[in-house]
Amino acid sequence: MTEKKEVTFEEAMKELETIVEKLEEGDVPLEEAISFYKEGMKLSKLCHDKLSHVEEEMEHILKENGELESFQVQEDEA
């Protein structure tokens, strides 16, 4: 039984970019395009999940005395 290596965010994004480039070329057979699309959706979900997890972790910061404190990033209004 082989262990499945966990894909990093960066690896997933790079693969997703490659898939998008192939699909944008437009000369991919339909069956292959559908396969690329499905794989792209899986990678997109993986990236979204990883970003959500990091966002949850970043909602708290550790103060110097070891206590957790709520933290929210203030976004610039355009």
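Whatever comes next refers back to the structure up there.
Basis of the calculations
Chains are numbered independently. Their residues run from 1 in the order of the written sequence. For this predicted model, a pLDDT threshold of at least 70 governs which residues receive local features, and a threshold of 80 or more governs which side-chain atom pairs are given and counted, while totals over whole chains, interfaces and linings are taken from all residues. The side-chain quantities take in all heavy atoms of the structure and omit both hydrogens and water. Helix and strand assignments follow DSSP, with helices taken as H or I runs no shorter than four residues and strands as E runs no shorter than two, numbered in order from the N terminus. Here's how the labels work: a residue is buried when its accessible area is under 20% of the maximum for its type, exposed when over 50%, partly exposed in between, all with a 1.4 Å probe on protein chains only. Here, two residues are considered to be in contact whenever any of their heavy atoms come within 4.5 Å of each other. Computed with the Shrake-Rupley method and a 1.4 Å probe, the accessible areas treat only the protein chains shown as cover for residues. As used in this record, nonpolar core signifies buried Ala, Val, Leu, Ile, Met, Phe, Trp, Tyr and Cys residues forming a set joined through side-chain atoms within 4.5 Å. What a helix should span is 1.5 Å times the count of its residues minus one. Note: the arc covers the axis-to-C-beta directions of the helix. We define a salt bridge as a side-chain nitrogen of Lys or Arg found within 4 Å of a carboxyl oxygen belonging to Asp or Glu.

Requested: an account of the overall build of the chain, with residues and values cited.
Tallying secondary structure elements over the chain gives 2 helices and 2 strands in all. The helix and strand sequence of the chain, counted from the amino end, reads α-α-β-β. Taken over 78 residues, the chain has a buried fraction of 10%. Summarising the internal contacts of the chain: among those between residues at least 6 apart in sequence, 40% fall at separations of at least 24. Counting only carbon and sulfur atoms, one obtains 53% of the accessible surface of the chain, whose full area is about 7,400 Å².

I'd like to hear about the nonpolar core, residue by residue, with values.
Counting residues in each nonpolar core, the largest one holds 6 residues, listed as Ala12, Leu16, Ile19, Phe36, Leu43 and Cys47. Among the elements of the structure, helix H1 (9-25) and helix H2 (30-58) are those that each provide at least two residues to this core. With residues up to four places along the chain from it excluded, the contact list for Ala12 reads Val7, Leu43, Leu46 and Cys47.

Now, about the environment of Glu11: what can you tell me, with residues and values included?
Following the sequence through the fold, Glu11 ends up in helix H1. Expressed as a C-alpha distance, the spacing of Glu11 and Leu43, which sit 32 residues apart in the sequence, is 9.5 Å.

Explain H1 to me, using residue names and the numbers behind them.
In an α-helix, one turn spans 3.6 residues, which is why side chains three or four residues apart end up on the same side. The terminal C-alpha atoms of H1, which comprises 17 residues, lie 25 Å apart, in line with the 24 Å expected from a rise of 1.5 Å per residue. Looking only at H1, the buried set comprises Ala12, Leu16 and Ile19. The buried residues of H1 occupy an angular sector of 60 degrees when projected down its axis, which confines them to one face. Opposite the buried face of H1, by more than 90 degrees, sit the exposed residues Glu10, Lys14, Glu24 and Glu25.

So, the pattern of salt bridges: which residues are in play, and what are the values?
Here the structure, examined in full by the defined rule, presents 2 salt bridges. One salt bridge connects Lys50 with Glu6, and the closest N-O pair in it is separated by 3.0 Å. You can see Lys50 sitting in helix H2 and its partner Glu6 sitting in the segment before H1, a full 44 residues away along the chain. Here Lys50 falls in the partly exposed class, since its relative accessible area comes to 23%. Taking relative accessible area as the criterion, Glu6 reaches 61% and is therefore assigned exposed. Close ionic contact of Lys45 with Asp49 constitutes a salt bridge, the shortest N to O distance being 2.7 Å. Taken together, the residues Lys45 and Asp49, both in helix H2 and 4 residues apart, mark about one turn of the helix. Among the residues examined, Lys45 registers a relative accessible area of 52% and is labelled exposed. For Asp49, a relative accessible area of 37% translates into the label partly exposed.

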